[in-house]
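# Examining the three-dimensional arrangement
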Amino acid sequence: MRKDTKSENKNWFQGVVEYHETTKHHPNRYARSSGYLDWETEPNPFRQYEGVKSLPLPLTNNDSEADYLALFKRESNKFREFSLQNIATFLELSMGLSAWKSYFGNSWVLRMNPSSGNLHPTETHLIIPPIPENDDYGGVFHYNPFLHSLEVRTMFYESFWQRIHNHFSQEGFLIGLTSIYWREAWKYGERAFRYCNHDVGHAMACLSFSANILGWKVTYLNSLSSGEIGTILGFPQTKWKEFEREEPELLLFVNKWEADGFVPRTIPYDIISSFEALQFQGEPNHLSKDHVDWEIIDDVSSMTLKPRTDEETYRYRDHDYFEKGLYMDRGAKIIRQRRSAQAYDGETAIRKEDFFAMLDKTIPRSFSAPFDIELGKISVHLLLFVHRIIGLETGLYFLIRNDNDYDDIRERCHAHFLWNKVKDAPQTLPLYFLQEGDYVREAKGVSCFQEIASDGAFSVGMIAKFRENIEKHPYLYRHLFWETGMIGQILYLEAEVHSVRGTGIGCFFDDLVHQILGLNDNAYQSLYHFTIGGALEDKRITTLPPYYHLKNRKELIG
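These notes cover the structure that comes with them. (Residues numbered from 1 in each chain as written. Predicted model: local features only at pLDDT ≥ 70, side-chain atom pairs only at ≥ 80, totals over all residues. Heavy atoms only, no water.)

## Quick look at helix 14 (residues 476–497)
Spanning 22 residues, helix 14 covers 32 Å between terminal C-alpha atoms, matching the ideal 32 Å at 1.5 Å per step. Burial of helix 14 is extensive: 22 of the 22 residues sit out of reach of the surface. After helix 14 finishes, the residue Ser499 shows a positive phi value of roughly 65°. (Helix = DSSP H or I, 4+ residues; strand = E, 2+ residues; numbered from the N terminus. Expected span 1.5 Å × (residues − 1). Buried < 20%, exposed > 50% of the residue type's maximum accessible area, 1.4 Å probe, protein only.)

## With respect to the sheet that holds strand 17 (residues 431–436)
If you trace the seven strands from one edge of the open sheet to the other, you get 16-17-15-13-18-20-19, paired in antiparallel fashion. Looking at which strands have only one partner, the edges of the open sheet turn out to be strand 16 (420–421) and strand 19 (501–505). Sheet topology places strand 18 (residues 458–465) next to strand 20 (residues 524–533); eight bridges connect them, and they run antiparallel. The residue of strand 20 that forms the bridge with Lys465 is Tyr524. Each of strand 13 (380–386), strand 15 (395–399), strand 17, strand 18 and strand 20 touches helix 10 (residues 352–361); the most contacted strand, strand 13, lies at about 160° to it. Contacting strand 13, strand 18, strand 19 and strand 20, helix 14 runs over the sheet at an angle of about 10° to strand 20. (Pairing = 2+ DSSP bridges. Contact = heavy atoms within 4.5 Å. Axes fitted to C-alpha atoms, helices over the stretch in contact; angles between N-to-C directions.)

## Side note on the packing of helix 4 (residues 181–188) against helix 5 (residues 192–213)
Orientation of helix 4 relative to helix 5, taken along the N-to-C sense of each, is 130°, at an axis distance of 8 Å. Compared by their axis directions, helix 4 and helix 5 come out oblique. The way helix 4 lies across helix 5 gives a crossing that is right-handed. In this structure, helix 4 uses Tyr181, Glu184, Ala185 and Tyr188 to contact helix 5, whose residues at the interface are Ala192, Phe193, Tyr195, Cys196 and Asp199. (Parallel < 35°, antiparallel > 145°, perpendicular 65-115°, else oblique. Left-handed = near helix turned anticlockwise from the far one by under 90°.)

## Topic: the side chain of His291
Mapped onto the secondary structure, His291 falls in the loop between strand 11 (283–284) and helix 8 (295–303). Side-chain polar atoms of His291 contact the side chain of Glu244, separated by 2.7 Å. Residues in contact with His291, not counting those within four places in the same chain, are Trp182, Glu242, Phe243, Glu244 and His286. (Polar contact = N/O pair within 3.5 Å; in protein donor to acceptor, adjacent residues only side chain to side chain.)

## Here's the deal with a negative patch on the surface
Negative charge collects at one region of the surface, where Glu18, Glu242, Asp293, Glu295, Asp298 and Asp299 lie side by side. Considering every element that reaches the negative patch, the biggest residue donor is helix 8, with three residues. As for its placement among the helices and strands, Glu18 is situated in helix 1 (residues 6–22). The exposure class assigned to Glu18 is exposed, which follows from its relative accessible area of 55%. (Patch = residues over 30% accessible without salt bridge, like charges linked within 9 Å, V, L, I, M, F, W, Y side chains within 5 Å. Areas by Shrake-Rupley, 256 points an atom, 1.4 Å probe, with all protein chains shown as cover. Salt bridge = Lys/Arg side-chain N within 4 Å of Asp/Glu carboxyl O. Lys, Arg positive; Asp, Glu negative; His and termini not counted. Charge placed at Lys NZ, Arg CZ, Asp CG, Glu CD.)

## Side note on the packing of aromatic side chains
Enumeration according to the criterion identifies 40 aromatic pairs in this entry. Where Tyr492 meets Phe530, the ring centres are 4.8 Å apart and the plane angle is 85°; that geometry is what we call edge-to-face. With a gap of 38 residues between them, Tyr492 in helix 14 and Phe530 in strand 20 connect regions that are remote in the sequence. Of the two residues, Tyr492 and Phe530, both sit in the buried class. (Phe/Tyr/Trp six-rings, centres within 6.5 Å; stacked < 30°, edge-to-face > 60°.)

## Some words on the state of the cysteines
By definition, a disulfide links two cysteine residues through a covalent bond between their sulfur atoms. If you walk through the whole model with that rule in mind, you get one disulfide. Covalently, Cys448 is tied to Cys507 through a disulfide, its sulfur atoms 2.2 Å apart. Between Cys448 and Cys507 the disulfide shows an S-S torsion of about -95°. By sign, it is left-handed. One end of the pair, Cys448, is in the loop between helix 12 (440–446) and strand 18; the other, Cys507, is in the loop between strand 19 and helix 15 (510–517), with 59 residues separating them in the sequence. With no disulfide of its own, Cys196 lies 16 Å from the sulfur of Cys206, the closest cysteine sulfur. (Disulfide = S-S within 2.5 Å.)

## Remarks on unusual backbone geometry
For the peptide bond that leads from Ala369 to Pro370, omega is 0°, which places it in the cis range. Along the chain, Pro370 turns up in the loop between helix 10 and strand 13. Look at Asp136: it is not a glycine, yet its phi comes out positive at around 65°. Mapped onto the elements of the fold, Asp136 is located in the loop between strand 5 (122–131) and strand 6 (137–144). The class of Asp136 is exposed, set by a relative accessible area of 54%. In this structure, Ser499 is a non-glycine residue whose phi angle is positive, near 65°.

## Thoughts on the pairing of strand 10 (residues 247–256)
Strand 10 sits mainly inside the fold: nine of its 10 residues count as buried. Bridging between strand 9 (residues 216–220) and strand 10 involves five bridges; their strand directions are antiparallel. Pairing of Tyr220 across the sheet is with Leu252, part of strand 10.

## Focus on the sheet that holds strand 3 (residues 97–103)
The three strands are arranged 4-3-21 in an open sheet whose pairing can be described as antiparallel. Only two strands of the sheet have a single neighbouring strand rather than two, namely strand 4 (106–111) and strand 21 (542–544). Geometrically, the sheet is characterised by an average inter-axis angle of 25° between neighbouring strands, direction not taken into account. As defined by bridge partners, strand 3 adjoins strand 4 across six bridges and the pair is classed as antiparallel. If you follow Trp100 over to strand 4, its bridge partner there is Val109.

## Re the pattern of salt bridges
In this structure the tally under the stated criterion is 38 salt bridges. A salt bridge links Arg315 to Glu374; the nearest nitrogen and oxygen atoms lie 3.0 Å apart. With Arg315 in the loop between helix 8 and helix 9 (331–337) and Glu374 in the loop between helix 10 and strand 13, this residue pair connects regions lying 59 residues apart in the sequence. As a salt-bridge pair, Asp360 and Arg365 come within 2.7 Å of each other at their nearest N and O atoms. Arg365 matches Asp360 in its accessibility class, with the two residues each being buried. A cluster of three or more residues bridged by salt bridges with shared partners is formed by Asp408, Arg412, Arg467 and Asp521.

Okay, here's the thing in structure tokens:
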């Protein structure tokens, strides 16, 4: 087990900073990548464990009638038992397929969870108690979204699960997320580690929202080390193809939500070690016939592995949402229709009330999805380029998501910024007006000259409290990207419910963003960008149902 000493932390901190600086984009030098797309080595976006039993999962016939706000609020969602049918629904609405697209003979598939470049480095594993569909065995399973099935990697008796149940003192199951760096590195090169961790955050929010519809809650087990998660998932027994191994990210516990409920954030050593005695089966399929070795990604991955730590609980705000009782759409419908915009019309404006509602959802609240997954302390704030918001002046705005950082951020930014609290904004929304002006050109310029940043109604730069977090605990480098990914998924859904469309932006000139704010060191860093507006649709692209390729599967008939 790795020792989390101060000297090691200092070395790892320096290494993480070096990676972060090296992988910044600049107008005259982009982060290194292959420079072209080698279609002959494009990674298979679907992992399959070959040679194992597979449990086909039923697809959802009727979505929950819960409205959109019920994705966030918990009180009105009726608990559904932990059956295979409901676990299937949970996976379908979080990590499953959302549509097929076709254009002049080329087809590709979209998923519920967003991913940089639609490359999907995130894999999902479950540890489930004994179920009738698995001959009354429990086990560790890999979720295959293409086939909507669970691949049985190992099985165990009721007595094995009972120890896990006794530890948590309640019904539920475990779900693990992992990353395959090569999928993103194939296109994005050395910057791929960033994007993989964005996608982990996207997935965390997706799982939390989907669970909430079923009356379930997802909690991050923040005490566990990366190695312990790998042991639980059977990775030491897995024969990986070179460059295609899965890296353990996190483990979550899914349980029935109760206002006074408690979930331990750890798993005892003896339970973890018992997984070593299980016989894990299945050989990971080959994803590419050739690879490029991005050693810098392996280095930063090693420096940000999480050691075992004390378990922590976190509490956030508890006030109500600004916009309530106005949603006619079902939550599941909004999840299913989420897409990433490819271009904007440069005209569509958003009402300021809708703008406030979008930002309000990004404020963490206890007892509300997705942030009551309890990732950790709030570390990400939002720089806003406002272009077309009805009732607001164009210019720069800033949303403080953690009031404790207000004074520090203000002191580090340009002295001429106004920091005026925005009139008409909810009292509970710490939104500040910095400077009036047309920032269309700047928004486009810092986003690698992409028009999606200037043609929308507004764009966002996610500004993270960087140095203090990483210097103390280098593994928090991943967590900062996870937090931005969770915010990104909220903005995706908020755009859909307000009849516009969002898209994440991974290509931006990091230090030009910092210059706009006046930040001159790495106390805060821009980690992810996003934009929302009126999307232009390509009418030449045909849309097909997500699982039409499984139309002959027996459980889909009737």
